[in-house]
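# Chains, contacts and geometry: an overview
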Amino acid sequence: MQLKNPILGLCQQATFMLSAAKVDQCPDDDGYEVAFAGRSNAGKSSALNTLTHASLARTSKTPGRTQLLNFFQLDEERRLVDLPGYGYAKVPIPLKMHWQRHLEAYFGSRESLKGVILMMDIRHPMTDFDVLMLDWTTSSSMPMHILLTKADKLTYGAAKNTLLKIQADIRKRWGDSVTIQLFSTPKRMGLEEAYTVLARWMELPNKGEEAGESEA
């Protein structure tokens with residue numbers, strides 16, 4: 001019998017904690033934190049809501065509406081963080097600069113941050129923002145996992161070819177530390193793979209693996 005990934009139950013009970021405009025407004029810096037990042041309109045909020053089986057992150061037809069760091073609690077030690085969307089042309093320049101300054105402070109100071117999930121629209125991958133995030137995470141040895149969102153917008157063959165091409169490009173420039181997968185909110189594609197990454201980063205090993213190790 002296949003055992004359920006332990007992160008699934010935690011995600012299903014996720015609740016909103018607080019919103020922070022600055023690092024000093026964030027929750028206490030302990031436990032395990034995973035941040036969700038993505039260029040505006042990359043499907044970040046939809047992916048986060050699908051993974052948590054809830055409407056935690058606000059989705060909008062006007063990209064760039066997420067202007068704060070929004071924290072969601074899974075249990076007393078674990079949190080998900082919805083980061084501001086980047087790169088939408090109609091967001092005022094001063095606001096973009098505010099986000100960038102405080103996001104850099106957040107990334108540079110949070111000891112509890114265990115990894116970054118980066119959303120890329122499979123039809124428009126590797127934007128300037130995506131490259132910036134890849135540069136930052138690899139230079140600071142921060143784990144990154146990429147969700148190629150909206151994979152249902154392409155045929156499976158075209159989506160798979162895009163995945164392999166981006167994977168090869170990333171390995172050539174940033175090495176093997178970055179992982180990547182296909183993801184679709186409407187088709188619920190890629191959920192299990194994403195949950196596995198979250199569980200590993202939050203130190204929730206698969207119970208089946210633990211049992212196998214104890215018997216060895």
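All chains use their own residue numbering, which begins from 1 and follows the written sequence. For this predicted model, a pLDDT threshold of at least 70 governs which residues receive local features, and a threshold of 80 or more governs which side-chain atom pairs are given and counted, while totals over whole chains, interfaces and linings are taken from all residues. With hydrogens and water set aside, each side-chain value is computed from the structure's full complement of heavy atoms.

### Notes on the side chain of Lys44
By the criteria applied, helices consist of DSSP H or I runs no shorter than four residues and strands consist of E runs no shorter than two, each listed in order from the N terminus. Relative to the assigned elements, Lys44 resides in helix H2 (residues 44–52). Under the relative-accessibility criterion, Lys44 is labelled buried at 7%. Here's how the labels work: a residue is buried when its accessible area is under 20% of the maximum for its type, exposed when over 50%, partly exposed in between, all with a 1.4 Å probe on protein chains only.

### Remarks on the confidence of the model for the chain
The predicted coordinates of low-pLDDT regions are not to be read in fine detail. One confidence number per residue, pLDDT, is output by the predictor and ranges from 0 to 100. Across the chain, pLDDT averages 84, with 82% of residues at or above 70. Across residues 60–65, where pLDDT falls below 50, the model places eight contacts with residues more than four positions away in sequence or in other chains. Residue contacts are defined here by distance: any two heavy atoms, one from each residue, within 4.5 Å place the two residues in contact. In this model, residues 207–216 is a region of pLDDT below 50 whose contacts with residues beyond four sequence positions or in other chains number four contacts.

### Side note on the sheet that holds strand S2 (residues 32–38)
An order of S1-S3-S4-S2-S5-S6-S7 is seen for the seven strands of this open sheet, with the pairing classed as mixed. The sheet is open, and its two borders are formed by strand S1 (15–20) and strand S7 (178–182), each paired with just one other strand. For this sheet, the mean inter-axis angle between neighbouring strands, taken without regard to orientation, is 25 degrees. At least two DSSP bridges between two strands are required for those strands to pair. The sheet contact formed by strand S5 (residues 113–121) and strand S6 (residues 144–149) spans six bridges and is parallel. The residue bridging Asp121 from the neighbouring strand is Thr149, located in S6. Here helix H4 (residues 128–139) sits on the sheet and contacts S2, S5, S6 and S7; the angle it forms with S5, its principal contact strand, is near 160 degrees. Angles shown run from 0 to 180 degrees and are taken between the N-to-C directions of axes, each axis being a line fitted to C-alpha atoms and, for helices, limited to the stretch in contact.

### Section: the side chain of Thr137
Its place among the elements puts Thr137 in helix H4. Residue Thr137 is classed as buried on the basis of its relative accessible area, which comes to 0%.

### Side note on the packing of aromatic side chains
A pair of aromatic rings is counted whenever rings of Phe, Tyr or Trp (Trp by its six-membered ring) have centres within 6.5 Å, and the orientation is called stacked for planes under 30 degrees apart, edge-to-face for over 60 and tilted otherwise. For the structure on display, the rule yields four aromatic pairs. Measuring from ring centre to ring centre gives 5.8 Å for Phe16 and Phe72, while their planes differ by 65 degrees; the resulting arrangement is edge-to-face. With a gap of 56 residues between them, Phe16 in strand S1 and Phe72 in strand S3 (residues 69–73) connect regions that are remote in the sequence. Exposure remark for Phe16: the relative accessible area of 48% places this residue in the partly exposed category. You can call Phe72 buried: its relative accessible area is 2%. Members of the aromatic cluster, each reached through a chain of ring pairs, are Phe71, Tyr106, Phe107 and Trp136.

### Regarding the pairing of S5
Most of S5 is tucked away: eight of the nine residues are buried. Alignment of S2 against S5, held across six bridges, turns out to be parallel. Residue pairing in the sheet places Phe36 in a bridge with Ile117 of S5. Between the parallel elements S5 and S6, the chain passes through H4 in a crossover that is right-handed. The path from the first strand over the helix to the second decides the hand: if it runs clockwise while the strands point away from the viewer, the crossover is right-handed.

### Here we look at the packing of H4 against helix H5 (residues 156–174)
If you want to describe how two helices pack, look at the angle between their axes and the distance between the axes. Remark: H4 packs on H5, axes separated minimally by 11 Å, with the N-to-C direction vectors making an angle of 45 degrees. Regarding the angle of H4 to H5, the classification is oblique. Like other packed secondary-structure pairs, H4 and H5 cross with a definite hand, here right-handed. Counting all contacts with H4, which are made through Val131, Leu134, Asp135 and Thr138, the residues of H5 involved are Ile170, Arg173 and Trp174. Grouping the amino acids of the contact of H4 with H5 by side-chain chemistry returns four nonpolar, one polar and two charged. Angle categories: roughly parallel below 35 degrees, roughly antiparallel above 145, roughly perpendicular from 65 to 115, and oblique for all the rest. Take the far helix as your reference; a near helix turned counterclockwise from it by less than a right angle gives a left-handed crossing, and one turned clockwise gives a right-handed crossing. Under the convention adopted here, Pro, Cys and the residues Ala, Val, Leu, Ile, Met, Phe, Trp and Tyr are nonpolar, Asp, Glu, Lys and Arg are charged, and Gly plus all remaining residues are polar.

### As for the pattern of salt bridges
What counts as a salt bridge is simple: a side-chain nitrogen of Lys or Arg found within 4 Å of a carboxyl oxygen of Asp or Glu. Overall, the coordinates contain ten salt bridges when judged by the stated rule. Taking the shortest distance from any N to any O, the salt bridge between Arg78 and Glu77 comes out at 3.7 Å. The closest approach of N and O atoms between Asp121 and Arg123, which form a salt bridge, is 2.9 Å. Owing to a relative accessible area of 7%, Asp121 belongs among the buried residues under this scheme.

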